[in-house]
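Examining the three-dimensional arrangement
Take a look at the letters that make up each chain.
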Amino acid sequence: MKYLLSFLLFLVASTSFAQQHQLGLRIGDPYGITYKTPVNDKFSVEGILGRGSQNSSQYYRRTFENNRPVSSARYFGHQVSAAFSLHVRGIYEESFSDDFNISEGDLTVYAGLGLQFRSVNIDYFYTTPNATPNTAEVRESRTNIDFGPEVFLGSAYYLEDLPIGFFIEVGFLTEIVDRLHLKGQGAIGARYLF
């Protein structure tokens, strides 16, 4: 919790020149806390702190097969825990309220680029061919780090009478650390404007 508070204070202090801050929650991949602030009329920066979804079972199995603890190890299963995700993004946002004849509130479409850092702990369970019958699986703990650029597209609607905005977005993360991997993402959420 202290890291979360420190991160939010850093974002607020580093963007104190901005005109309108937005703080909210997002549900999806990743889910967590989002902080967004404009740089000018069309561009914003955003930070997201939360938890990302785990990769597929095949992803972790291939990771194990490519880096076995002993050459004779046979994958039995895995368990993922302690997922962490941190994003820094640049956003270009354009209003489409006039195009759709929206008289109350503001409908925007946005796109952007960012960097993501993800970390998860993985407990691998495996056996060896020479193990005696009824021998328990061997366990090895590892940390999986994902880091890479992301691209995303979304839409937001800002209410007229309340300082609240809702958003929906989709995007892709290209993992370049650990191994090359493309991951689809999406989220919905809401932010309070202050």
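Sequence order sets the numbering: in each chain, residues are counted from 1 along the sequence as written. Whole-chain, interface and lining totals are the exception, using all residues; otherwise, since this is a predicted model, local features are given only for residues with pLDDT of at least 70 and side-chain atom pairs are given and counted only at 80 or more. The basis for every side-chain value is the complete set of non-hydrogen atoms in the structure, without hydrogens or water.

Description of the nonpolar core
Across soluble globular proteins, you tend to see nonpolar side chains buried next to one another. In terms of nonpolar packing, the biggest core is built from 10 residues, these being Tyr 59, Tyr 60, Phe 64, Ala 73, Tyr 75, Ala 83, Val 120, Ile 122, Tyr 124 and Tyr 126. A run of DSSP states H or I qualifies as a helix once it reaches four residues; a run of E qualifies as a strand once it reaches two. Both are numbered from the N-terminal end. Of all the secondary structure elements, the ones that give two or more residues to this core are helix H2 (57-66), strand E4 (74-95) and strand E5 (106-127). Per-element accounting of this core gives the leading share, four residues, to E5. In what follows, a contact means two residues having at least one pair of non-hydrogen atoms within 4.5 Å. For Tyr 60, the residues in contact, after removing those within four places along its chain, are Gln 54, Asn 55, His 78, Val 80, Val 120, Ile 122, Tyr 124 and Asn 144. By size, the runner-up hydrophobic cluster in this structure holds seven residues, among which are Ile 91, Tyr 110, Phe 152 and Tyr 158. In this text, buried Ala, Val, Leu, Ile, Met, Phe, Trp, Tyr and Cys residues form a nonpolar core when linked through side-chain atoms within 4.5 Å. Residue exposure (1.4 Å probe, protein chains only): buried if accessible area is under 20% of the type maximum, exposed if over 50%, otherwise partly exposed.

Describing the pairing of strand E7 (residues 164-175)
Side chains Gly 165, Phe 167, Glu 169, Gly 171, Leu 173 and Glu 175 of E7 all project onto a buried face; the interleaved residues Ile 164, Phe 166, Ile 168, Val 170, Phe 172 and Thr 174 project onto a face where none is buried. What makes two strands pair is DSSP finding at least two bridges between them. Pairing of strand E6 (residues 138-158) with E7 involves nine bridges; the strand directions are antiparallel. Bridged to Tyr 157 within E7 is Phe 166. Here E6 folds back onto E7 in antiparallel fashion, the turn holding five residues. Inspection of the sheet shows E7 paired to strand E8 (residues 181-193) by 12 bridges, in the antiparallel sense. In the sheet register, Thr 174 faces E8, and the bridge partner there is Leu 182.

Description of the pattern of salt bridges
Put simply, a salt bridge is a Lys or Arg side-chain nitrogen that is within 4 Å of an Asp or Glu carboxyl oxygen. Under the counting rule described, the total for this entry stands at 13 salt bridges. The salt bridge involving Glu 169 is made with Arg 26; its shortest N-O contact spans 3.1 Å. In this pair, Glu 169 sits in strand E7 while Arg 26 sits in strand E1 (residues 22-29), placing the two residues 143 residues apart along the sequence. Across the pair, Arg 26 and Glu 169 agree in class, each one buried. Measuring nitrogen to oxygen at the nearest pair gives 3.8 Å for the salt bridge that ties Arg 61 to Glu 65. Of the two residues, Arg 61 and Glu 65 are both situated in helix H2; the distance of four residues between them amounts to about one turn of the helix. The class for Arg 61 is partly exposed, based on a relative accessible area of 35%. Put simply, Arg 26, Glu 46, Arg 89, Glu 150, Glu 169 and Arg 191 are held in one network by salt bridges that share partners.

Digging into the confidence of the model for the protein chain
For the protein chain, per-residue confidence averages 87 on the pLDDT scale, and 88% of positions sit at 70 or higher. Looking at any residue, its pLDDT shows the predictor's confidence there, from 0 to 100. When the criterion is pLDDT under 50, residues 11-18 qualifies, and its contacts beyond four places in sequence or with other chains add up to 11 contacts.

Some details on the side chain of Glu 169
Judged by relative accessible area, which is 4%, Glu 169 ranks as buried. We define a polar contact as two N or O atoms separated by no more than 3.5 Å, with the added condition that, inside protein, one atom must be a possible hydrogen donor and the other a possible acceptor, whereas residues neighbouring each other in sequence contribute only through side-chain atom pairs. Among the polar contacts listed, one links the side chain of Glu 169 to the side chain of Arg 89, at a separation of 2.6 Å. Excluding its chain neighbours within four sequence positions, the residues that come into contact with Glu 169 are Arg 26, Arg 89, Tyr 110, Phe 152, Leu 153, Gly 154, Gly 186 and Ala 187.

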